Amino acid sequence: MAPLITSRARAWIFLACIGALLLASMVLGATRDVPLKMLPFDNKNELLLVLDFDEGTTLERSDATVRRMESFLGGVPEVVGFTSYVGVASPMDFNGLVRHYYLRSGANVAEIRVDLVPKMERSTKSHALGLRLRDELTSIAGQGGANLKIVELPPGPPVISTITAEVFGPLDQSYEDLLAGAATVRERLEREPGVVDVDDSAEAEWTKWVFVPDKTKAALNGIETKEIARTLQMALQGQIVGAMETGRERSPLEIMVRLPRATRSSVEDLSRIHVQGTEGVLVAVGELGAWEQRRADQTIFHKDLRRVAYVFAETAGRPPADAVLDVEADRLPPGTSPVPEARQVGVGWVSADEPRPVEGRTFFASGGGIGWMLPEGLEVVFHGEGEWKITLDVFRDLGLAFAAALVAIYILLLNQTGSFSLPVVVMLAIPLTIVGIMPGFWLLNAVAGGTVGGYADPIFFTATGMIGMIALSGIVTRDSIILVDFIHLSLRRGRSLFEAIMESRVVRLRPILLTTGTAMLSAVPIALDPIFSGLAWALIFGLFASTVFTLFVIPVAYYLLYENKPGHGVLRCPDES
């Protein structure tokens with residue numbers, strides 16, 4: 001320490017090195033060596049498998065695929081049970097409410113709730129287990145023509161999907177063009193490494209048979225159109241005509257009238273059904289009109305009174321922000337000529353080039369090298385219903401809270417010291433926490449991060465870690481105050497500035513280490529929690545680095561600022577000689 005406070009040149013060089021170290025620590029986030037995410041993945045005792053089949057898929061086909069997935073899940077050691085729901089939604093939970101799963105119904109939907117071994121009895125976290133099983137489950141679902149989504153229970157933010165792209169267009173553009181634009185975006189997301197469970201709001205094209213009655217013939221036979229509709233509805237869907245009570249049933253057993261499947265599976269069979277006229281005459285349905293095959297209507301979604309087509313996706317092993325920025329960076333202006341290897345997808349085109357390795361991408365050089373383009377008029381928004389906007393808002397608000405905390409600390413120190421410059425010296429300990437936090441998370445990923453099932457399983461710097469950084473701003477200033485206070489005490493006793501600085505580091509070292517060690521040890525139990533572990537590690541790494549560097553930075557900064565000032569920054573009382 002002595003060489004630093006006996007030479008101003010060496011002192012400035014030392015502070016410059018600390019500044020460079022601080023800058024390098026901050027760059028770790030920009031280079032993606034420390035992955036950033038809003039919230040980490042929790043370790044729950046349940047996973048939800050959501051399956052979507054094409055419209056028109058029969059209940060039997062959906063059930064067959066679900067049974068194949070059940071057979072596979074039965075051989076997974078961590079699975080203790082599962083409950084399947086085919087054609088209906090599972091009981092509503094938080095995900096069902098936010099992601100609208102509770103509204104799902106029809107023969108082409110299914111859900112499987114997978115119960116896992118209690119987390120205290122297994123070494124694999126639920127998120128890692130989902131990564132491990134993902135490829136095999138996706139393969140089974142694909143064989144049955146299903147789109148699979150492996151959904152984990154929150155703590156994730158309340159969004160309809162982690163990545164949600166919204167495609168808007170002008171009022172004079174058809175909805176089919178929006179769906180075609182969504183197909184382009186979907187193709188680009190499917191090409192992005194680490195982006196999984198890609199789906200869109202477009203419904204698969206399917207046809208339906210519509211019976212068009214001949215009202216003249218119907219009127220001549222005394223038959224109303226509603227009678228034809230009621231007869232066909234009863235034949236296809238059935239009609240409850242009564243109920244009966246039995247000793248085995250707790251509730252009355254409903255009696256439903258419906259034609260057997262063999263006599264209602266084609267329009268020829270339905271045409272032979274008879275409708276009774278007002279005069280008691282039975283007339284075949286086929287004599288009262290004709291069947292027409294038409295395309296089923298596409299559901300049109302709206303947001304803020306604008307028509308919209310959605311593209312949904314999740315991420316596996318990557319922060320959502322990285323994927324969104326890379327996809328956006330590859331988007332080319334409307335009217336750009338397709339590259340030679342581009343493929344026409346929807347109304348736009350997507351390059352057929354191989355994506356750049358994720359390891360070589362940074363926020364300074366975003367993009368996967370897969371160019372894509374949509375025509376003029378179509379607008380793609382990623383900051384709507386997905387996690388991207390919430391992530392930006394949360395970190396923005398936490399940044400403002402951090403700035404407000406710094407202002408409050410400065411005002412308190414100003415009131416206590418009566419100096420405008422001394423609080424700045426004391427608060428130099430705050431940015432030193434970053435020197436510990438960011439390299440600490442990088443070290444965590446190097447030691448504890450890994451790969452599961454071919455997907456990366458990193459340790460993210462999350463909003464809870466940012467909260468820990470804010471909390472440290474008040475904690476670490478304590479060590480600076482202890483040092484500065486003892487320097488002032490020694491100066492009032494007649495010590496020289498050199499002696500006061502050296503004496504403060506020796507005398508105050510034990511209380512500084514004891515209080516810092518206590519704070520670090522108290523954060524260890526929190527590090528075991530998957531949600532608040534980021535806060536705990538931020539406290540541990542930040543306290544360690546700040547304490548070590550504070551013992552050097554604060555004395556050196558005080559020496560440079562007050563060496564040539566009378567009293568060395570201490571205002572003597574009037575009664576002191």
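The coordinates are above.
Cut-offs and rules
- Residues numbered from 1 in each chain as written.
- Predicted model: local features only at pLDDT ≥ 70, side-chain atom pairs only at ≥ 80, totals over all residues.
- Heavy atoms only, no water.
- Helix = DSSP H or I, 4+ residues; strand = E, 2+ residues; numbered from the N terminus.
- Rg over C-alpha atoms; globule rule 2.2 N^0.38 Å.
- Buried < 20%, exposed > 50% of the residue type's maximum accessible area, 1.4 Å probe, protein only.
- Contact = heavy atoms within 4.5 Å.
- Areas by Shrake-Rupley, 256 points an atom, 1.4 Å probe, with all protein chains shown as cover.
- Lys, Arg positive; Asp, Glu negative; His and termini not counted.
- Charge placed at Lys NZ, Arg CZ, Asp CG, Glu CD.
- Salt bridge = Lys/Arg side-chain N within 4 Å of Asp/Glu carboxyl O.
- Arc of directions from axis to C-beta.
- Pairing = 2+ DSSP bridges.
- Core = buried A, V, L, I, M, F, W, Y, C linked by side-chain atoms within 4.5 Å.
- Phe/Tyr/Trp six-rings, centres within 6.5 Å; stacked < 30°, edge-to-face > 60°.
- Axes fitted to C-alpha atoms, helices over the stretch in contact; angles between N-to-C directions.
- Expected span 1.5 Å × (residues − 1).
- Bend = angle between axes of the 7 residues up to and from the residue.
- Parallel < 35°, antiparallel > 145°, perpendicular 65-115°, else oblique.
- Nonpolar A, V, L, I, M, F, W, Y, C, P; charged D, E, K, R; others polar.

(A) Quick look at the overall build of the chain. Within the chain, the regular secondary structure consists of 17 helices and 20 strands. Taking 25 Å as the expected radius of gyration for a compact globule of 577 residues, we find that the chain reaches 34 Å, considerably beyond that expectation. By its C-alpha atoms, the chain is 125 × 70 × 45 Å across when sized along the principal axes. Out of the 577 residues in the chain, the part that is buried amounts to 45%. Counted over contacts in the chain with a minimum sequence separation of 6, partners at least 24 positions apart contribute 77%. Taken as a whole, the chain presents about 28800 Å² of accessible surface, with 60% of it coming from carbon and sulfur. Treating the 52 positive side-chain charges of the chain as one cloud and the 66 negative ones as another, the clouds have centres 6 Å apart.

(B) Inspection of the pattern of salt bridges at higher detail. Inspection of the entire model under this criterion finds 39 salt bridges. Between Arg361 and Asp326 there is a salt bridge, with the nearest N and O atoms lying 2.9 Å from each other. One end of the pair, Arg361, is in the loop between strand 16 (348-351) and strand 17 (372-373); the other, Asp326, is in helix 9 (residues 320-329), with 35 residues separating them in the sequence. The class of Arg361 is buried, set by a relative accessible area of 1%. Each of the salt bridges in this network shares a partner with another, and the network as a whole consists of Arg32, Arg188, Glu192, Arg318, Asp322, Asp326, Asp330 and Arg361.

(C) Expanded view of helix 15 (residues 497-507). Residues of helix 15 that are buried: Leu497, Ala500, Ile501, Ser504 and Arg505. Viewed end-on, helix 15 has its buried residues packed into an arc of 125°, placing them on one side of the element. Buried positions along helix 15 lie against helix 14 (477-492), helix 16 (509-523) and helix 17 (533-562).

(D) Local environment of the pairing of strand 5 (residues 163-168). With respect to burial, strand 5 is a largely interior element, six of its six residues being buried. Alternating residues of strand 5 divide into Ile163, Ala165 and Val167 and Thr164, Glu166 and Phe168, and every residue in both groups is buried. Sheet analysis places strand 5 next to strand 14 (residues 306-315), joined by six bridges and oriented antiparallel. Looking at strand 14, one finds that Ile163 is bridged to Ala313. In the sheet, strand 5 pairs with strand 18 (residues 379-381) via three bridges, with the strands oriented antiparallel. Directly across from Phe168, in strand 18, lies its bridge partner Glu379.

(E) Representation of the nonpolar core within the structure. With 62 residues, the main nonpolar core has Ile437 and Tyr558 as its most contacted residues. If one sorts the elements of this core by residue count, helix 17 sits on top with 16 residues. Sequence-distant contacts of Tyr558, that is, excluding residues within four places in its chain, are made with Leu422, Val425, Val484, Ile487, His488, Leu491, Leu497, Glu563, His568, Gly569 and Val570. Tyr175, Ala313, Val345 and Leu374 belong to the second-largest nonpolar core, a separate cluster that totals 27 residues.

(F) Representation of the packing of aromatic side chains. Within the structure shown, the criterion is met by nine aromatic pairs. Ring centres of Tyr310 and Phe312 lie 5.7 Å apart, and the angle between their planes is 15°; on these two criteria the pair is classed as stacked. With respect to class, Tyr310 is no different from Phe312; both count as buried. A centroid spacing of 5.2 Å and a plane angle of 90° characterise the contact between Phe441 and Phe461, whose relative ring orientation is edge-to-face. Linking Phe441 in helix 12 (residues 432-447) with Phe461 in the loop between strand 20 (455-457) and helix 13 (463-475), this pair joins segments that are 20 residues apart in sequence.

(G) Region of interest: the sheet that holds strand 16. What the three strands build is an open sheet, ordered 15-16-17; its pairing is antiparallel. In this open sheet, the two edge strands, each paired with only one partner strand, are strand 15 (342-345) and strand 17. Summarising the sheet, strand 15 and strand 16 pair through four bridges and their orientation is antiparallel. By the bridge assignment for strand 16, Val345 is matched with Gly348.

(H) Structural context of the pairing of strand 14. Within strand 14, eight of the 10 residues are buried, which leaves it mostly tucked inside the rest of the structure. In the sheet, strand 13 (residues 301-303) pairs with strand 14 via three bridges, with the strands oriented antiparallel. Bridging from a neighbouring strand, Lys303 pairs with Arg306 of strand 14. Counting the residues between successive antiparallel strands, the hairpin from strand 13 to strand 14 contains two residues, one of them, Asp304, with a positive phi of roughly 55°.

(I) Seen up close, the sheet that holds strand 4 (residues 146-151). An order of 2-3-1-4 is seen for the four strands of this open sheet, with the pairing classed as antiparallel. The open sheet is flanked by strand 2 (79-86) and strand 4, the only strands paired with a single partner. Adjacent strand axes in the sheet meet at a mean angle of 15°, parallel and antiparallel pairs treated alike. Pairing of strand 1 (residues 46-53) with strand 4 involves six bridges; the strand directions are antiparallel. Within the sheet, the bridge partner assigned to Leu49 lies in strand 4 and is Ile150. On the sheet, helix 4 (residues 126-143) packs against strand 1, strand 3 (109-116) and strand 4 and is oriented at approximately 175° with respect to strand 4.

(J) Broad picture of helix 17. Taking 1.5 Å as the rise per residue, helix 17 with 30 residues should run 44 Å; its terminal C-alpha atoms sit 41 Å apart, in good agreement. Of all the bends found along helix 17, the most pronounced is centred on Thr550 and spans about 45°. Helix 17 sits mainly inside the fold: 24 of its 30 residues count as buried.

(K) A look at the packing of helix 14 against helix 16. As a packed pair, helix 14 and helix 16 sit with axes 10 Å apart at the nearest point and diverge in direction by 170°. When the interaxial angle is binned, helix 14 and helix 16 end up roughly antiparallel. Only Ile512, Thr515 and Thr516 of helix 16 make contact with helix 14, whose side of the interface consists of Arg478, Asp479, Ile482 and Leu483. Across the contact of helix 14 with helix 16, the residue classes tally to three nonpolar, two polar and two charged.

(L) Quick peek at the environment of Arg306. Relative to the helices and strands, Arg306 resides in strand 14. When the C-alpha positions of Arg306 and Glu359 are compared, they lie 39 Å apart, and in sequence the two are 53 residues distant. Excluding residues that lie within four positions of it along the chain, Arg306 makes contacts with Phe168, Gly169, Phe301 and Glu379.

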